[in-house]
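Fold and contact review
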Amino acid sequence: MAAPKPRVKVPKKASKGEVITIKTLISHPMESGQRKDKQGNVIPRQIINKFTCEFNGQVVFSCDLEPAVSANPYLEFSAKVEDSGTFKFSWLDDDGSTYSTENKITVE
């Protein structure tokens, strides 16, 4: 499998105090560990188990993901922005890998 690729959609500009919508998607198999391959061997569990979004160093949204979440998890949430800054998005995998990306927003 290729390395998971995170994608996010954040408006480039917003007004002070505006509530914006943020959309995230990461390419990941989210294997539950309960399925078997063609030879009858259990496919090892491999899931993204934690997602966090920070804005200028403060957590604005986080959630725990479980094996029942489908492949390529999509998350959509809102955040109120008062100042310009940077959103940092992090996905934590079972194997300890972290996938991250950042997006800036300008508040006028």
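Before going further, it helps to spend a moment on the state of the cysteines. By the definition in use, this model includes 0 disulfides. Its sulfur unpaired, Cys53 is 11 Å from the next cysteine sulfur, which belongs to Cys63.

Turning our attention to the sheet that holds strand E2 (residues 13-14). The 5 strands are arranged E2-E8-E7-E4-E5 in an open sheet whose pairing can be described as mixed. The open sheet is flanked by E2 and strand E5 (58-64), the only strands paired with a single partner. Inspection of the sheet shows strand E7 (residues 85-93) paired to strand E8 (residues 98-107) by 8 bridges, in the antiparallel sense. If you follow Ser90 over to E8, its bridge partner there is Ser100.

Quick look at the sheet that holds strand E1 (residues 6-9) now. With respect to topology, 3 strands assemble into an open sheet ordered E1-E3-E6, the strand pairing being antiparallel. The sheet is open, and its two borders are formed by E1 and strand E6 (74-81), each paired with just one other strand. Averaged over all neighbouring strand pairs, the angle between strand axes comes to 25 degrees, with direction disregarded. Inspection of the sheet shows E1 paired to strand E3 (residues 18-26) by 4 bridges, in the antiparallel sense. Residue pairing across strands places Arg7 opposite Leu25, the latter belonging to E3.

Moving on: the packing of aromatic side chains. Counted under the stated rule, the structure contains 7 aromatic pairs. Taking the centre distance of 6.5 Å and the plane angle of 25 degrees together, the rings of Phe51 and Phe89 count as stacked. Of this pair, Phe51 sits in strand E4 (residues 48-55) while Phe89 sits in strand E7; the two residues are 38 residues apart in sequence, bridging distant segments of the chain. Across the pair, exposure class does not vary: Phe51 and Phe89 are buried alike. Note on Phe61 and Phe77: the rings are 4.3 Å apart at their centroids and 5 degrees apart in plane angle, and the pair reads as stacked. On the criterion of sequence distance, the pair formed by Phe61 in strand E5 and Phe77 in strand E6 is long-range, its members being 16 residues apart. Judged by its relative accessible area of 6%, Phe77 is buried.

Analysis parameters
Residues numbered from 1 in each chain as written. Predicted model: local features only at pLDDT ≥ 70, side-chain atom pairs only at ≥ 80, totals over all residues. Heavy atoms only, no water. Disulfide = S-S within 2.5 Å. Pairing = 2+ DSSP bridges. Helix = DSSP H or I, 4+ residues; strand = E, 2+ residues; numbered from the N terminus. Axes fitted to C-alpha atoms, helices over the stretch in contact; angles between N-to-C directions. Phe/Tyr/Trp six-rings, centres within 6.5 Å; stacked < 30°, edge-to-face > 60°. Buried < 20%, exposed > 50% of the residue type's maximum accessible area, 1.4 Å probe, protein only.

These figures come from the coordinates and say nothing about function on their own.
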